[in-house]
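# Analysis of the macromolecular model
Okay, here's what each chain looks like letter by letter:
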Amino acid sequence: MTLMRRSTPLLRKYLFSGVTAGLAAVTLGNASSDGQVVSETRGILRFIRTMRIGLTISVDYYFSMIGLSEDSLNYNFMMSRIHQRSAERIRDGCLHNGGTYIKLGQGLVSLSHILPKEYIETLKVLQDKCLLRDKEELYKVFQQDFGKKPEELFETFDVTPLAAASIAQVFLATTKEGQKVAVKVQYEDLQKRLDSDVRMINIHLTIGAWLHPKVDFTWILNDFVEALKQELDFINEGHNAERCARELAHLKYVYVPKVFWKYTNTRVLVTEFAEGIKINDIQKLKENGFSLADINNKLFEAFGHQIFQTGFVHADPHPGNVLVRRCNGHNEIVILDHGLYQTVSKEQRTALSHLWKAIVFGDHNNMKIYSKVLGVNDYIMFAEILTQAPLRSTGFKLKAAMTKQEETVMRKLAGDRFDQIVECLQQMPRSLLLVVRNLNTIRAISYDHGCPIDRYSVLARMAAKTAFEDADKKALKRKIIVFLKKLWFEVNLLIAKMLIYWRTLLLRILCITGLAPDINAFMENTARKL
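So, on to the sheet that holds strand β7 (residues 277-278). If you trace the four strands from one edge of the open sheet to the other, you get β5-β10-β9-β7, paired in mixed fashion. At either margin of the open sheet sits one strand with a lone partner, and together these are β5 (254-255) and β7. When β7 meets strand β9 (residues 322-327), the two strands line up antiparallel, connected through two bridges. The residue bridging I277 from the neighbouring strand is V324, located in β9. Each of β5, β9 and β10 (330-335) is contacted by helix α12 (residues 292-310), which is oriented at about 45° to β10, the strand it contacts most.

Next up on the list: the side chain of S446. Within the secondary structure, S446 is located in helix α19 (residues 431-448). The class of S446 is buried, set by a relative accessible area of 0%. With residues up to four places along the chain from it excluded, the contact list for S446 reads N296, F300, C451, P452 and R455.

Right, let's talk about the layout of surface pockets for a bit. In this structure, the second largest pocket spans a volume of roughly 1000 Å³. What lines the second largest pocket is a set of 41 residues, among which A163, V170, G320, L323 and L336 lie closest to the centre. Listing elements by their share of the lining of the second largest pocket, those giving two or more residues are α4 (99-109), β2 (163-164), β3 (168-174), β4 (180-186), α10 (234-247) and β6 (268-272). Top element by residues in the lining of the second largest pocket is β6. It accounts for three residues. Here the residues of the lining of the second largest pocket sort into 19 nonpolar, ten polar and twelve charged.

All told, the structure shown has three cavities of 30 Å³ or more when counted by the stated rule. Volume-wise, the largest cavity comes out at about 50 Å³. Every residue along the wall of the largest cavity is listed here: R133, D134, E137, L138, Q169, F171, V185, Q186 and Y187.

Right, let's talk about the pairing of β4 for a bit. A regular strand places its side chains on the two faces of the sheet in alternate fashion. Counted residue by residue, β4 has six buried out of seven residues, so it is predominantly covered. Two successive antiparallel strands, β3 and β4, enclose a turn made up of five residues, where G178 displays a positive phi of approximately 90°. Direction of pairing for β4 relative to β6: antiparallel, over a ladder of five bridges. Its bridge partner being in β6, A182 is matched across the sheet by T271.

The next point concerns the packing of helix α13 (residues 346-361) against helix α15 (residues 379-387). The axes of two packed helices give the description: the angle between them and the distance between them. Running from N to C, α13 and α15 cross one another at 90°; their axes reach a closest spacing of 11 Å. Taken together, the axis directions place α13 and α15 in an arrangement best described as roughly perpendicular. On α15, the residues that touch L352, L355, W356 and I359 of α13 are F382, A383, L386 and T387. Partitioned by chemical class, the residues of the contact of α13 with α15 number seven nonpolar, one polar and no charged.

A word on the packing of α12 against α13. α13 packs onto α12 with a crossing angle of 120° between their chain directions and a minimal axis gap of 8 Å. Compared by their axis directions, α12 and α13 come out oblique. Listed contacts from α13 to I307, F308, Q309 and T310 of α12 are R349, L352, S353 and W356. Classifying every residue of the contact of α12 with α13 by side-chain character gives four nonpolar, three polar and one charged.

Cut-offs used in this document
Residues numbered from 1 in each chain as written. Predicted model: local features only at pLDDT ≥ 70, side-chain atom pairs only at ≥ 80, totals over all residues. Heavy atoms only, no water. Pairing = 2+ DSSP bridges. Helix = DSSP H or I, 4+ residues; strand = E, 2+ residues; numbered from the N terminus. Contact = heavy atoms within 4.5 Å. Axes fitted to C-alpha atoms, helices over the stretch in contact; angles between N-to-C directions. Buried < 20%, exposed > 50% of the residue type's maximum accessible area, 1.4 Å probe, protein only. 1 Å grid on protein atoms, 1.4 Å probe; cavity = no way out; pocket = protein on both sides within 12 Å on 5 of 7 lines; lining within 4 Å. Points joined across faces, edges and corners; volume = space filled by probe spheres on them. Nonpolar A, V, L, I, M, F, W, Y, C, P; charged D, E, K, R; others polar. Parallel < 35°, antiparallel > 145°, perpendicular 65-115°, else oblique.

Below, the structure written as structure tokens:
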């Protein structure tokens, strides 16, 4: 009885929100034009499914955590079970709803230092193994766009998809000229259902903000919609791919497949077929003799060049979009799926470059200055969002890899300071939101590889190039000064890395000899106190 009395107000709130959402969905469906009735009806079904999943997860957490504290012996076991159930519900809901919902699910995968590991492992399937569509839909798209069947356009065409992603399926074909190509075909109903899904998602976000005031992301929806519209235009994606290839041409280890414009339109994109190993298939990479450290170094250099120098940034470099192969005896990374890019202005790139350098060197004064330039007041929170590292607990000393205890601290910080994180995200320029997503995604790849390189230093070098490039163009005397500054920068970078190494080694020796408290126990206690 006590349990029911405690839970009744919350359950009433959930029930009321569900009824309100249902009425809103029906109203939206009825307000649609005749041509959109079917799309809206399906949209309402997706909405109801999502609402049911959201309420189920909320109620599951609420009831499961009653009487459960962090001091309980079975706390970690119970929480892992709840996380797993919830992650599977989200995964299944995204797969059934498809399209827009899968894009939202994919965004969660890059938050591997914030979300529990059960979510990350379960939702990874959304990156390149979505539900397959009926082949009749494939023929319908080709008939509508080309007036022909795919077998009439190509010499050979395999109707079994190589991959099924959030907005399209990819097929293997051969052109009349004998070129092996990848054919990316958009789902036939995706553009029709976009407006409906966006309206429904907006209702979800509004209700979510009411149920959980700290989780208000209604402000980000417009940016998400604009990003999705970019991805739905395959002609735009083709141009993005060619620009990426031009701007990274000096990096001989980066390859972008060629676009075949003869077969490409808004919903069909044909590119050169590139074979390779997915960058997160660690076992296969090792079996084929690839160095994870070399791959990571190339990955961070390539995307660091985009972030800090060209300002034309691939916003979705998840593992399904990056392949590794050996070409002419050299390791090469192949970058796929160029639908979503973010352009960052020169002024913002320069400020971000100086900020990153300041973070690496623990320079609080410059961190504060350049955070302000980018419109963010809380420079420490901004730095932690950019680096995804618990800088408060490490004294702003960045390490190549975090311990399990430091990961626990980071997740705890994210939960306790969620409102500060949201405020920081709202203050930063909108153009940096997708840059943060890029950094999170490639960091997640590095994390899966075991963090074999110091990614902060690699990115710091890319940032330093931007900070120095203007001065490089001036008089000879100035060029000499800039050269010496670059040399001093490298010396400082080396000193910083050596200090971290020796401090860590000394601390371990002191722990072993009993002259200092065990660092693992210290981190665990810190995580509990936060």
